[in-house]
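# Coordinate inspection notes
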Amino acid sequence: MSIEIKMPALSPTMEEGTLAKWLVKEGDTVKSGDIMAEIETDKATMEFEAVDEGVIAKILVTEGSDNVKVGTAIAILAEEGEDPASVTAGGAAKAETPKPADPMPTDPADPNRTGSEGKPAPRTLEQAEDHGRPADAGAAAAPTASTSGDRVKASPLARRIAAQKGLDLGAVAGSGPNGRIVKTDVENAKPGAPAAATAAAPAEPSAAAAPAAAAKPAAIPDIPHETAKLSNMRKTIARRLTESKQQVPHIYLTVDVRLDALLKLRGDLNASLESRGVKLSVNDMLVKALAVSLMAVPKCNVMFTPDQLVTFKRADISVAVSTPSGLITPIVKEADTKSLSVISTEVKDLAGRARDNKLKPEEFQGGTASISNMGMFGIKQFEAVINPPQGMILAIGAGEKRPYIVDGELGVATVMSATGSFDHRAIDGADGAELMKVFKELVERPLGMLA
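The structure reproduced in this document is the subject of the present report. Quantities reported herein were computed from a predicted structural model and do not represent experimental measurements. (Residues numbered from 1 in each chain as written. Predicted model: local features only at pLDDT ≥ 70, side-chain atom pairs only at ≥ 80, totals over all residues. Heavy atoms only, no water.)

## As for the overall build of the protein chain
Operational definition: Only DSSP runs of H or I covering at least 4 residues are called helices, and only runs of E covering at least 2 are called strands; the numbering of each starts at the N terminus. When a residue's accessible area, from a 1.4 Å probe over protein chains only, is under 20% of the maximum for its type it is buried; when over 50% it is exposed; and in between it is partly exposed. Throughout, a contact is declared for two residues whenever any of their heavy atoms are within 4.5 Å. What sets the accessible areas is the Shrake-Rupley method with a 1.4 Å probe; for residues, cover comes only from the shown protein chains.
Tallying secondary structure elements over the protein chain gives eight helices and 21 strands in all. The buried share of the protein chain, reckoned over its 451 residues, is 41%. When contacts within the protein chain are restricted to residue pairs at least 6 apart in sequence, long-range pairs at least 24 apart make up 61% of them. In the form shown here, the protein chain has an accessible surface area of approximately 24,600 Å², with 55% of it arising from carbon and sulfur atoms.

Structure representation (structure tokens):
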């Protein structure tokens, strides 16, 4: 039975995507794990792999098509033993026309009788996808789940990896079409972990939480102008930041931080790392300082959900990177335990691939807190918008020479302003203030973050 290949949700926030490039053509044979297409999501251009084996019978969405909704059929896969030429655009094989030995004649007394009564009803697409499992003809179609009875929907590759890791596939949530478990699901799952633990973020707000009526777009003034279509990334940035400001009560706390000691340490470290081709930036050191601060004040290393407060046991720092398409936040994982040289190398690699739209989902999904540095633009101070479901973000301003009290006397020092934005549902003002205090102390006495 032929299988519909649907536009996948390659990130938690993806609602539609652009089919940037097909890497297969009609008639090609694919197996589980083969890369079939490049898809531009709301965050990056990502590779889409096959989860079933078969022959590409039809390509339904052409290269370059944008605004393709998640769940839309983009191709039809003919399974083993099925003639690809018999597959129609609707996904079902063309029915062979039988040669009736003795066709039933039309009854002139009953003009509605045509001789076709008793023919089986055609199979629905949902039945085709379920590989022939019977459906309840009297019931409405139920939402597709990753399991049916004792049968778990999983790609052959996912099953092999699960067997090697000793995973129970019944406890793994599938992110593939119709809830199918794919390679990345089992690679990211932990043995014995319940299915609910695989969710990286809370579900998107329900439609009931949306405004009753969408705001009418403003009329464009009669002034010479040009327009550009919004990219998937820009649409997602607009939606998520609007939701953040509407739903997350922000509290802002600012401290002035003296940078002289950190700048001196950076110069000494760069001199010693020059032979290894590593050059630390101030931002690399601030990423480390924030991570260490979060571990010292765990009440700020949290995520708020409607019925629980999640406290993380490590500090994964999302670093804001500006790209031609918009802002993206690749993650330095376990930044609290990594050396400055490793953090520097990772940030440069992640930022470069972010600008080329080559990040993998696990490299920008998650994170326990964020840092955004606009000091290189000369911005003295700003308040950043929290990136849900994280509990805080640190905004870094420019380091500049300012009048400052040094050793009890008025002098001149290099000072920057750092502003923490905290989710007040999860983090009290006093706890946020403690985090900012620890961060200031670490930057002003930077050897403490290396201990």
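## Remarks on the sheet that holds strand E1 (residues 3-6)
For clarity, the cut-off: The rule for pairing is simple: two strands pair if DSSP sees at least two bridges between them.
The strand order across the open sheet built from four strands is E1-E8-E6-E3, with neighbouring strands paired in antiparallel fashion. Pairing within the sheet leaves two strands with one partner each, and these edge strands are E1 and strand E3 (29-30). Two strands pair when backbone bridges link them, and strand E6 (residues 54-59) and strand E8 (residues 73-78) are joined in this way by four bridges, in the antiparallel orientation. Considered in E8, the bridge of Lys 58 is made with Ile 76.

## Notes on the environment of Val 302
Here Val 302 shows up in strand E12 (residues 302-305). Placed 89 residues apart in sequence, Val 302 and Gly 391 show a C-alpha to C-alpha distance of 5.6 Å. Residue contacts for Val 302: discarding those within four places in its chain leaves Leu 309, Val 310, Thr 311, Phe 312, Thr 368, Gln 390, Gly 391, Ala 426 and Ile 427.

## Section: unusual backbone geometry
With omega at 5°, the peptide bond leading from Pro 388 into Pro 389 counts as cis. Despite not being glycine, Asn 357 has its phi angle at roughly 55°, a positive value. Structurally, Asn 357 can be placed in the loop between helix H7 (340-355) and strand E18 (369-373). Judged by its relative accessible area of 18%, Asn 357 is buried. Within the chain, Asp 407 stands out as a residue other than glycine whose phi angle is a positive 50°.

## Considering the sheet that holds strand E2 (residues 16-22)
Stated precisely, the cut-off is as follows: A fitted line through C-alpha atoms represents every axis, and for helices the fit uses only the stretch in contact; the resulting angles, taken between N-to-C directions, go from 0 to 180 degrees.
Spatial strand order, E5-E4-E2-E7: four strands in an open sheet with antiparallel pairing. Each having just a single partner strand, strand E5 (45-49) and strand E7 (65-69) make up the two edges of the open sheet. Each adjacent strand pair in this sheet contributes to an overall mean axis angle of 40°, direction not counted. Note: E2 against strand E4 (residues 35-40), four bridges, orientation antiparallel. By the bridge assignment, Leu 19 is partnered in E4 with Ile 39. Where helix H4 (residues 232-247) meets the sheet, it contacts E2, E4 and E7, and its direction lies at approximately 160° from that of E2.

## As for the nonpolar core
Here is the rule we go by: Remark: nonpolar core denotes a set of buried residues (Ala, Val, Leu, Ile, Met, Phe, Trp, Tyr, Cys) joined through side-chain atoms within 4.5 Å.
Ranked by size, the top nonpolar core spans 74 residues in total, and within it Ile 74, Ile 317, Ile 371, Leu 394 and Phe 439 carry the most contacts. Residue contributions to this core peak at eight residues, all from helix H6 (residues 282-296). Judged by nonpolar contacts, the second largest core, of twelve residues, contains Ala 154, Ala 162, Leu 167 and Leu 169.

## Observations concerning H4
Basically, it comes down to this: Working rule for helices: expected span equals 1.5 Å times residues minus one.
Given a rise of 1.5 Å per residue, 16 residues ought to cover 22 Å, and the 22 Å separating the end C-alpha atoms of H4 matches this to within 8%. Along H4, the residues classified as buried are Asn 232, Met 233, Thr 236, Ile 237, Arg 239, Arg 240 and Ser 244. Contacts made by the buried residues of H4 are with E2, E4, E7, strand E11 (250-258), strand E15 (321-323) and strand E16 (326-328).

## Quick notes on the packing of H6 against helix H8 (residues 429-444)
Threshold: Note on terminology: angles under 35 degrees are roughly parallel, angles over 145 are roughly antiparallel, angles of 65 to 115 are roughly perpendicular, and the others are oblique. What makes a crossing left-handed is the near helix being turned counterclockwise from the far one by less than a right angle; a clockwise turn instead makes it right-handed. Residues are grouped as follows: Ala, Val, Leu, Ile, Met, Phe, Trp, Tyr, Cys and Pro are nonpolar; Asp, Glu, Lys and Arg are charged; all remaining types, including Gly, are polar.
Where H6 meets H8, the closest approach of the two axes is 9 Å, and the angle between their N-to-C directions is 135°. Accordingly, the angle class assigned to the pair H6 and H8 is oblique. Of the two elements, H6 crosses H8, and the hand of that crossing is right-handed. Taking contact as the criterion, the partners of Leu 286, Ala 289, Leu 290, Val 292, Ser 293, Leu 294 and Ala 296 in H6 are, on H8, Leu 435, Val 438, Phe 439, Leu 442 and Val 443. Classifying every residue of the contact of H6 with H8 by side-chain character gives eleven nonpolar, one polar and no charged.

## With respect to the environment of Val 51
Summarising the element assignment, Val 51 is placed in the loop between E5 and E6. Along the chain, Val 51 and Lys 183 lie 132 residues apart, while their C-alpha atoms are 8.3 Å from each other.

## Focus: the packing of H6 against H7
Put simply, H6 and H7 touch, their axes get as near as 9 Å, and they point 115° apart. By the criterion of interaxial angle, the relationship of H6 to H7 is roughly perpendicular. For the element pair H6 and H7, the recorded crossing hand is right-handed. The residues of H7 that touch H6, namely those facing Asp 284, Met 285, Val 287 and Lys 288, are Leu 340, Ile 343, Ser 344, Val 347 and Lys 348. Of the residues in the contact of H6 with H7, the class split is five nonpolar, one polar and three charged.

## Here's the deal with the pattern of salt bridges
If charged atoms from side chains of opposite charge come close, those side chains can pair. We count it as follows: The term salt bridge refers to a pairing of a side-chain nitrogen on Lys or Arg with a carboxyl oxygen on Asp or Glu at a separation within 4 Å.
For the coordinates displayed, the defined rule picks out 18 salt bridges. The residue Asp 284 makes a salt bridge to Lys 348 at a minimum N-O spacing of 3.9 Å. In this pair, Asp 284 is assigned in helix H6 and Lys 348 in helix H7, connecting sequence segments 64 residues apart. With relative accessibility at 48%, the residue Lys 348 sits in the partly exposed group. Between Arg 353 and Asp 349 there is a salt bridge, and its shortest N-O distance comes to 2.9 Å. Taken as a pair, Arg 353 and Asp 349 lie in helix H7 at a separation of four residues, close to a single helical turn. Connected via shared salt-bridge partners are Glu 16, Lys 69 and Lys 235.

## Structural notes on the side chain of Asp 316
Counted only if it meets this: Polar contacts, as counted here, are pairs of nitrogen or oxygen atoms within 3.5 Å of one another; within protein the pair requires one atom able to donate a hydrogen and one able to accept it, and residues that are adjacent in sequence qualify only if both atoms are side-chain atoms.
Relative to the helices and strands, Asp 316 is located in the loop between strand E13 (308-311) and strand E14 (317-319). A polar side-chain atom of Asp 316 sits 2.9 Å from a polar atom in the side chain of Arg 314. For Asp 316, the contacting residues outside a window of four places in its chain are Ile 331, Val 332, Lys 333, Glu 334, Gly 367, Thr 368 and Ala 369.

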